[in-house]
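Summary of the model geometry
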Amino acid sequence: MKKIIALLMAVLMTVGMLAACSNTPVENNPPADETKGQVDTPETPDTPAEKEKVTLKVWADQGELELIEKLCNEFAAAHTEKEYTFEYGAVGAVDGKTRYLEDPAAAADVFLFADDQLVDLVKADALYEVTRNTDAIIAANTPGSIGAASYEGTLYGYPMTSDNGYFLYYDKSVFTEEDLATLDGILAAANAAGKQVHMDVSNGWYLASFFLGNGCKLTIEDGKQVIDFNNANGLAAAEAIRTFCNNPAFVTGDDSVLAGGIGDAIACGVSGTWMATAIQEKLGDNYGCCKLPTFTCGDKQIQMGSFLGCKIYGVNSQTAYPVDAMELAEYLTAEAAQIERYKVLNYGPSNVNALADETIASNLALQALSAQSEFAVSQMVLGGFWTPAEAFGAELEAHSTADLQTMLDQLVAQALQG
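This report concerns the structure included in the present document. (Residues numbered from 1 in each chain as written. Predicted model: local features only at pLDDT ≥ 70, side-chain atom pairs only at ≥ 80, totals over all residues. Heavy atoms only, no water.)

Concerning the packing of aromatic side chains
- A complete count under the given rule lists 21 aromatic pairs for this structure.
- Summarising the aromatic geometry, the rings of Trp205 and Trp274 are spaced 6.0 Å apart at their centres and angled 35 degrees between planes, so their arrangement reads as tilted. In this pair, Trp205 sits in helix H10 (residues 204–213) while Trp274 sits in the loop between strand E13 (266–271) and helix H13 (276–283), placing the two residues 69 residues apart along the sequence.
- Between Phe210 and Phe295, the aromatic rings sit 5.0 Å apart at their centres with planes inclined by 65 degrees, giving edge-to-face as the arrangement. In this pair, Phe210 is assigned in helix H10 and Phe295 in strand E15 (residues 294–297), connecting sequence segments 85 residues apart.
- Through pairs of rings, three or more aromatic residues link up here, namely Phe75, Tyr84, Phe86, Tyr88 and Tyr331.
- The ring of Trp59 has Arg99 lying over it, and the distance from NZ or CZ to the ring centre is 5.4 Å. (Phe/Tyr/Trp six-rings, centres within 6.5 Å; stacked < 30°, edge-to-face > 60°. Helix = DSSP H or I, 4+ residues; strand = E, 2+ residues; numbered from the N terminus. Lys NZ or Arg CZ within 6 Å of the ring centre and 35° of its normal.)

Quick look at the structure:
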């Protein structure tokens, strides 16, 4: 009996202990779903990546600097992925090459130069070849300006203007469109009206138009003048010049002669955009402009050539930021920039769409220059050409009967000595 009671007491004690354990609270043990994903390290906010900082130095004409600063700021606003800083210098197109060669490493990343400086800059390894959007840039600009910005088929610059060249101003009351197509037609119409046709033949800049039109060379290769005006093509061109100068309607002289006589004794004349205002004031409603005519050369009609001067932006080959510099140079010379440059500074565009802008399309001088640019070449002339060319032209203006081949041989020999 005592054994049974003892056994029952042991069982009761065990059950009590189990019950006591089941009623003990569990502390600091939250449900599994509340702890999921928690980490022991404190949270830190995300920080944006620091923008790349790019500093670009830009050279431009003194009168263009205010506009250039505006355009650069617009470029930076359109490229917020980087932080741009710009430095500016008043170095114009005339001095671009000289200032660059003084210290290429310190020169601007994007700088302005005249087209006749391109060859020397390329030879000095100063310019980055245009490798971004090249086809689009070529398509966007006139052929003459692209030619001026290229060397041996490679584009080295971004044309900014194409307004330093020449074309024909004429009095609409004297000529029909058919007359204006050929030099023969112009001379016939002028003679019929008792008027004169002006061209400064003793100025080598204008004289060259006959030779260039007939396929002669006047360029620079390896730093030396190349000229072949004394070949068969040159002789044929010279014969055409003589015929022109011997025509009763022909008159020569500088721009002051043209400006003073146009609308009176002079019916038409060859010059550039700098004469537009004065000539338009003289001619009024009869003001007209067109490309140069063809001329009779042997048994053919040959389109007169010309020189075309352009201002060009180039990228320094030593820039630390070639991609940014190329993109900026393209922006500074794009359609919108060229239209604004015309409106602010009256610079003639090289961009085809800019030339078609309503405001610019009404500028007859620029439209004539654009039409002539298809037949124009960049002025690649060393100093030795100008004086003998002037002498050659002056002889023809004076109706010299000297042997043309001899005269041409002297012209070329003297030009090569300079």
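Things to note about the nonpolar core
- Counting 69 residues, the largest nonpolar core has Leu127, Tyr169 and Leu328 as its most contacted members.
- With seven residues, the single largest contributor to this core is helix H3 (residues 65–78).
- Beyond its immediate stretch of four places on either side in the chain, Leu328 contacts Leu56, Val58, Cys72, Phe75, Phe86 and Val110.
- With 55 residues, the next largest nonpolar core counts Leu180, Phe244, Cys290 and Met304 among its residues. (Core = buried A, V, L, I, M, F, W, Y, C linked by side-chain atoms within 4.5 Å. Buried < 20%, exposed > 50% of the residue type's maximum accessible area, 1.4 Å probe, protein only. Contact = heavy atoms within 4.5 Å.)

Examining the environment of Leu71
- For Leu71, the position within the fold is in helix H3.
- Note: C-alpha distance between Leu71 and Leu332 (261 residues apart in sequence) is 6.7 Å.

Focus: the side chain of Asp324
- Looking at the element boundaries, Asp324 is found in helix H14 (residues 322–332).
- What makes Asp324 buried here is its relative accessible area of 3%.
- In contact with Asp324, other than residues within four places in its own chain, are Val54, Leu56, Phe75, Lys82 and Tyr84.

Structural notes on the sheet that holds strand E14 (residues 287–290)
- Across the sheet, which stays open at both edges, the five strands sit in the order E12-E9-E13-E8-E14 with mixed pairing between neighbours. Every other strand in the sheet has two partners, leaving strand E12 (250–251) and E14 as the edge strands with one partner each.
- Pairing of strand E8 (residues 167–171) with E13 involves four bridges; the strand directions are antiparallel. Its bridge partner being in E13, Leu168 is matched across the sheet by Val270.
- Where H13 meets the sheet, it contacts E8 and E14, and its direction lies at approximately 135 degrees from that of E14. (Pairing = 2+ DSSP bridges. Axes fitted to C-alpha atoms, helices over the stretch in contact; angles between N-to-C directions.)

A look at the pairing of strand E10 (residues 218–221)
- Residues Leu218 and Ile220 line the buried face of E10, whereas the alternating positions Thr219 and Glu221 sit on a face that is not buried.
- Bridge count between E10 and strand E11 (residues 224–227): four bridges; the pairing is antiparallel. Counterpart to Thr219 in the pairing with E11 is Val226.
- Linking E10 to E11, which pair antiparallel, is a turn of two residues; within it Asp222 sits at a positive phi near 55 degrees.

Topic: the packing of helix H11 (residues 232–245) against helix H20 (residues 404–417)
- Running from amino to carboxyl end, H11 crosses H20 at an angle of 115 degrees, the nearest separation of the two axes being 10 Å. By the criterion of interaxial angle, the relationship of H11 to H20 is roughly perpendicular. Two packed elements cross with a definite hand, and for H11 against H20 that hand is right-handed. Across from Gly234, Leu235, Ala238, Glu239 and Arg242 in H11, the residues of H20 making contact are Leu404, Gln405, Met407 and Leu408.
- When its residues are assigned to classes, the contact of H11 with H20 shows five nonpolar, two polar and two charged. (Parallel < 35°, antiparallel > 145°, perpendicular 65-115°, else oblique. Left-handed = near helix turned anticlockwise from the far one by under 90°. Nonpolar A, V, L, I, M, F, W, Y, C, P; charged D, E, K, R; others polar.)

Points about the pairing of E13
- Burial within E13 is extensive, with six of its six residues counted as buried.
- Bridge count between strand E9 (residues 196–198) and E13: three bridges; the pairing is parallel. Directly across from Val197, in E13, lies its bridge partner Cys268.

Considering the pattern of salt bridges
- Counted under the stated rule, the structure contains 10 salt bridges.
- With a shortest N-O distance of 2.7 Å, Glu64 and Arg341 are connected by a salt bridge. Taken together, the residues Glu64 in the loop between strand E1 (52–60) and H3 and Arg341 in helix H15 (residues 335–345) connect sequence positions 277 residues apart. Each of the two residues, Glu64 as well as Arg341, counts as buried.
- Across the salt bridge formed by Glu340 and Lys70, the nearest N and O atoms sit 2.9 Å from each other. On the criterion of sequence distance, the pair formed by Glu340 in helix H15 and Lys70 in helix H3 is long-range, its members being 270 residues apart.
- Take Glu340: its relative accessible area is 23%, and that puts it in the partly exposed class.
- Linked by salt bridges that have partners in common, Glu52, Lys82 and Asp324 make up one network. (Salt bridge = Lys/Arg side-chain N within 4 Å of Asp/Glu carboxyl O.)

Some words on unusual backbone geometry
- Here Glu152, not a glycine, exhibits a phi torsion of approximately 50 degrees, which is positive.
- If you trace the backbone, Glu152 turns up in the loop between strand E4 (150–151) and strand E5 (154–155).
- Residues other than glycine seldom take positive phi values, yet His399 does so here, at roughly 65 degrees.
- If you trace the backbone, His399 turns up in the loop between helix H19 (386–397) and H20.

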